[in-house]
Amino acid sequence: MQKIWWSAIVVLWGMAPPLRAGDGPIDPASYGVYYDRREPSFYTGFAPRTPDPRRLHLHVGRGNQLRVTAVLADDVVAEYARDLWQRWRTYHTLVDSGRLVLTQNRALDEFEQRLREVELERLVREERTLAPVALRERNLRLLERLNPGRVFRIRMPVDDVVQRWSAEVRPEDHHRLDGARRLELVNLLLPTRLWVTELEPGVGADVDALVARVPATPGAKPAPDLRAAYLALLARVSHGLYPVRDGEIVFDEFTAIYPVGTFNEYTTWNGRRIPYYPTPGRRTLTTHQRSLTPDHIPTDESYSYSPWLPYMHVGTHMHNSFHTLWWQMEPAHTGFLPAAWRGGDHEDRDGRPYRYLWLLSRGPMSHGCTHVNAGHIAELRQLLPAETERLYDVDVFYNQSQLYDVFDIDGDLTPEVMGVRYFIAYSLRDKTPDQLRAPLARRGYYAWLYAGELDYDAADHGVFHGVRDASFVGRSAVIGHEYERIALREAAYEPERVQFYRLVDIPFARELRKVSVEHPFPALAVAAGGTGVVPQ
């Protein structure tokens, strides 16, 4: 497999100030969720809803993290402020009517405080005075303000991208292209963003025609219509997600990266043990085999009524899914936690210390499912389409165990290995957190997670040498490109924003997670236009 053209490293700070060698976890308030009882919760963060599944990419790569990237549609950005307002008003209308009884924590208070700080009501009220372009820009700034480090304005010079793609065309491509090579060249049109797994009818001929426009002799001039043909093919295979304006490919994205727990087994790679992913491939969100919906919520309180998103059936009764399993960790009696965590000053709504801490183990942990932190699974459900029938079109790309998720997150034409600043992995005994699998310190944890493959530069940024990403052919995950030298992108750990409430029933919990401008809570009249009483 040839080495991809953008293998050179770029020095990156990631999304947060770098941790020095030996640092342990950040502020304990940043990790996990403190609680007294396993109850349902609703999302109190600021991620945007994405109604169109084609604009979503879910990817699990080596390193035990899930990346969710949403290409932001104009209508999503235009409705963003009103969408926040709809959720805010809905929560308060339900609370004021007594249908929603808040318990345990005060995340809704924090949500409201932040929306008042940005003057959300005024922003919504002023929308009728703004032209569409001005409204989009204002809301995009609001999205960036409420989600720092997670919104990316991508601007790629067309000529640079075409030139880089042309450099990938080999002399033999002018004589013979098989299906695998055509598929590879299609995905190289916009590397790490196109995940075409099979070619639609007619696309193969378009690839052949585009290759014919690239000079077979080094230094020769390309065909004059190469650029136009390239853009036409890109628009076709991407379904128009990446438009061109003023000589640049221009689009905006929201990217979240969450630590995850995976199958409780290891495999061997280069003589070292790494977490084992037993079910790689392109999956699609599917039904839970008992409730027969992809928008499943378990009735067993050990899952705390969190979203449960299946992506693979296993036999006739089992499945693999994204979900959150709540084993009970008592901070005061969990010896591997730092002292500041064991004797923390976190208090519930009644002013008493919380009894338990939900804290994900980023490493081998499950029977085959993918464990996601409680606040992150709530945010993932927020990012997905509200309508249940659209969930069936959401794909999940799951790498082979040894293959990294490589992504050009900021569009600078230099990719990075995706990672996240979360350094906790532990084992269970009798369904209780038992022992650490790796040190809590950054370098010690990474030495275990990446099995010695991560090096560091003089500025303490992570660097990999000679690693590979994945490609997907049909439903199969296969070995992709090799990177001689590539940086680790350490995304900041996103605090978990959920508000606990007293259980009503499963349909209530499901509908509360769907609330948006386009999907109001059933039988609830809530104004979304910035009029009416501001929540107090």
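The structure presented is a predicted model; accordingly, all values stated were derived computationally and were not measured.

*Asks:* Mind laying out the overall build of the chain, listing which residues take part and the relevant values?
*Replies:* Secondary structure summary: the chain contains 14 helices and 24 strands in total. Across its three principal directions, the C-alpha atoms of the chain cover 75 × 60 × 50 Å. With 536 residues in all, the chain has 59% of them scored as buried. When contacts within the chain are restricted to residue pairs at least 6 apart in sequence, those whose partners lie at least 24 apart make up 76%. When the accessible area of the chain is evaluated, it comes to approximately 21400 Å², of which 51% is carbon and sulfur surface. Each charge class in the chain was averaged separately, 64 positive and 70 negative side chains, and the resulting centres sit 1 Å apart.

*Asks:* Explain empty space enclosed by the protein residue by residue, including any values.
*Replies:* Left-over empty space is what a probe sized like a water molecule reveals as it rolls over the atoms. One pass over the full model with this rule turns up 4 cavities of 30 Å³ or more. For the second largest cavity, the calculated volume is near 50 Å³. Lining the second largest cavity are F42, Y43, R49, R87, Y91, A378, Q382, L512, R513 and V515. At the level of secondary structure, the elements contributing two or more residues to the lining of the second largest cavity comprise β2 (41–43), α2 (80–96) and α11 (374–383). Class assignment for the residues of the lining of the second largest cavity results in 6 nonpolar, 1 polar and 3 charged.

*Asks:* Requested: an account of the packing of α2 against helix α5 (residues 132–146), with residues and values cited.
*Replies:* For the pair α2 and α5, interaxial distance at closest approach is 8 Å and the crossing angle is 55°. Compared by their axis directions, α2 and α5 come out oblique. Where α2 abuts α5, its residues Y80, A81 and L84 lie against R138, N139, L142, L143 and L146. Each residue belonging to the contact of α2 with α5 can be placed in one class, and the counts come to 6 nonpolar, 1 polar and 1 charged.

*Asks:* Hey, could you go over the side chain of N105 for me, with residue numbers and the actual values?
*Replies:* Within the secondary structure, N105 sits in the loop between α2 and α3 (107–117). Engagement of the side chain of N105 in a polar contact is seen with the backbone nitrogen of F500, the distance being 3.1 Å. Setting aside chain neighbours within four positions, we find N105 in contact with R349, Y354, V498, Q499 and F500.

*Asks:* Describe the environment of S97, naming the residues involved and giving the relevant values.
*Replies:* Along the chain, the position of S97 falls in the loop between α2 and α3. Under the relative-accessibility criterion, S97 is labelled partly exposed at 46%.

*Asks:* Quick rundown of unusual backbone geometry? Include the residues and the values.
*Replies:* Even without a glycine there, the phi angle at T192 is positive, about 70°. Relative to the assigned elements, T192 resides in the loop between α7 (179–187) and α8 (203–212).

*Asks:* Any details on the confidence of the model for the chain? Residues and values, ideally.
*Replies:* The share of residues in the chain with pLDDT of 70 or more is 92%, and the mean pLDDT across the chain is 90. Between residues 1–26, whose pLDDT stays under 50, and residues either more than four places distant or in other chains, the model counts 91 contacts. In this model, residues 527–534 is a region of pLDDT below 50 whose contacts with residues beyond four sequence positions or in other chains number 24 contacts.

*Asks:* Which residues make up the nonpolar core, and what values go with them?
*Replies:* Formed by 148 residues in total, the largest nonpolar core has its most connected members in L120, W165, Y230, I249 and F322. Not counting chain neighbours up to four residues away, the residues in contact with I249 comprise I154, R155, M156, V158, V161, L190, Y230, L234, Y242, P243 and V244. Core analysis: the second largest hydrophobic core is formed by 6 residues, W195, F397, A470 and F472 among them.

*Asks:* Now, about the sheet that holds strand β21 (residues 454–456): what can you tell me, with residues and values included?
*Replies:* Think of a sheet as strands paired side by side through backbone hydrogen bonds, with each pair either parallel or antiparallel. Read from one edge of the open sheet, 5 strands run β17-β18-β23-β22-β21, paired in mixed fashion. With one partner strand each, in any of the chains shown, β17 (406–407) and β21 form the two edges of the open sheet. Taken together, the 3 bridges between β21 and strand β22 (residues 462–473) define a ladder with antiparallel strand orientation. Each residue of the ladder has a partner; that of D455, found in β22, is V463.

*Asks:* Tell me about the pattern of salt bridges, and please be specific about residues and values.
*Replies:* Tallied over the full model, the rule gives 40 salt bridges. The salt bridge partner of R227 is D159, with a shortest N-O separation of 2.9 Å. Remark: D159 occurs in helix α6 (residues 158–168) and R227 occurs in helix α9 (residues 226–238); sequence separation between them is 68 residues. Under the relative-accessibility criterion, R227 is labelled partly exposed at 34%. Ionic pairing is found between R468 and E482, a salt bridge with its closest N-O pair at 3.4 Å. Here E482 lies in strand β23 (residues 476–491) and R468 lies in strand β22, a separation of 14 residues in the sequence.

*Asks:* Talk me through α5; I want residue IDs and the actual numbers.
*Replies:* With 15 residues, α5 should cover 21 Å at 1.5 Å per step; its first-to-last C-alpha distance of 21 Å lies within 8% of that length. Buried within α5 are the following residues: L135, R136, R138, N139, L140, L142, L143 and L146. Contacts from the buried residues of α5 go to α1 (74–78), α2, α3, α4 (120–125), β5 (151–157) and β7 (248–263).

*Asks:* Explain the side chain of R510 residue by residue, including any values.
*Replies:* As for its placement among the helices and strands, R510 is situated in helix α14 (residues 506–512). For the buried R510, no salt bridge is present, and the opposite-charge side chain at shortest range is D295, 4.2 Å distant. Discounting residues that sit within four places of it in the chain, R510 has contacts with T293, D295, H296 and I297.

*Asks:* Kindly report on the pairing of strand β19 (residues 426–429), identifying the contributing residues and their values.
*Replies:* Here β19 pairs with strand β20 (residues 432–436) via 3 bridges, running antiparallel. By the bridge assignment for β20, Y426 is matched with L436.

*Asks:* Quick rundown of the packing of α6 against α9? Include the residues and the values.
*Replies:* One can describe the packing of α6 onto α9 by two numbers: an axis separation of 11 Å at closest approach and a directional angle of 90°. Taken together, the axis directions place α6 and α9 in an arrangement best described as roughly perpendicular. Contacts from V158, D159, V161, V162, W165 and S166 of α6 reach α9 at L226, R227, Y230 and L231. Here the residues of the contact of α6 with α9 are counted per class, giving 7 nonpolar, 1 polar and 2 charged.

*Asks:* Outline the pairing of strand β11 (residues 309–314), listing residues and values.
*Replies:* Relative to strand β12 (residues 318–323), β11 runs antiparallel, the two sharing 5 bridges. Directly across from M312, in β12, lies its bridge partner N320. Taking the residues that link successive antiparallel strands as the turn, the β11-β12 hairpin has 3 residues, and the phi of G315 there is positive, at about 70°.

*Asks:* Account for the environment of Q65, with residues named and values stated.
*Replies:* Within the secondary structure, Q65 is located in strand β4 (residues 65–71). Residues Q65 and E511, 446 residues apart in the sequence, show an inter-C-alpha distance of 28 Å. Once you skip the residues sitting within four places of it in the chain, Q65 turns out to touch H59, V60, I257, Y258, P259, V260, R362, D405, M418, G419 and V420. Within the structure, the side chain of Q65 is placed 3.4 Å from the side chain of R362, a separation counted as a polar contact.

Cut-offs applied
Residues numbered from 1 in each chain as written. Predicted model: local features only at pLDDT ≥ 70, side-chain atom pairs only at ≥ 80, totals over all residues. Heavy atoms only, no water. Helix = DSSP H or I, 4+ residues; strand = E, 2+ residues; numbered from the N terminus. Buried < 20%, exposed > 50% of the residue type's maximum accessible area, 1.4 Å probe, protein only. Contact = heavy atoms within 4.5 Å. Areas by Shrake-Rupley, 256 points an atom, 1.4 Å probe, with all protein chains shown as cover. Lys, Arg positive; Asp, Glu negative; His and termini not counted. Charge placed at Lys NZ, Arg CZ, Asp CG, Glu CD. 1 Å grid on protein atoms, 1.4 Å probe; cavity = no way out; pocket = protein on both sides within 12 Å on 5 of 7 lines; lining within 4 Å. Points joined across faces, edges and corners; volume = space filled by probe spheres on them. Nonpolar A, V, L, I, M, F, W, Y, C, P; charged D, E, K, R; others polar. Axes fitted to C-alpha atoms, helices over the stretch in contact; angles between N-to-C directions. Parallel < 35°, antiparallel > 145°, perpendicular 65-115°, else oblique. Polar contact = N/O pair within 3.5 Å; in protein donor to acceptor, adjacent residues only side chain to side chain. pLDDT = per-residue confidence, 0-100. Core = buried A, V, L, I, M, F, W, Y, C linked by side-chain atoms within 4.5 Å. Pairing = 2+ DSSP bridges. Salt bridge = Lys/Arg side-chain N within 4 Å of Asp/Glu carboxyl O. Expected span 1.5 Å × (residues − 1).

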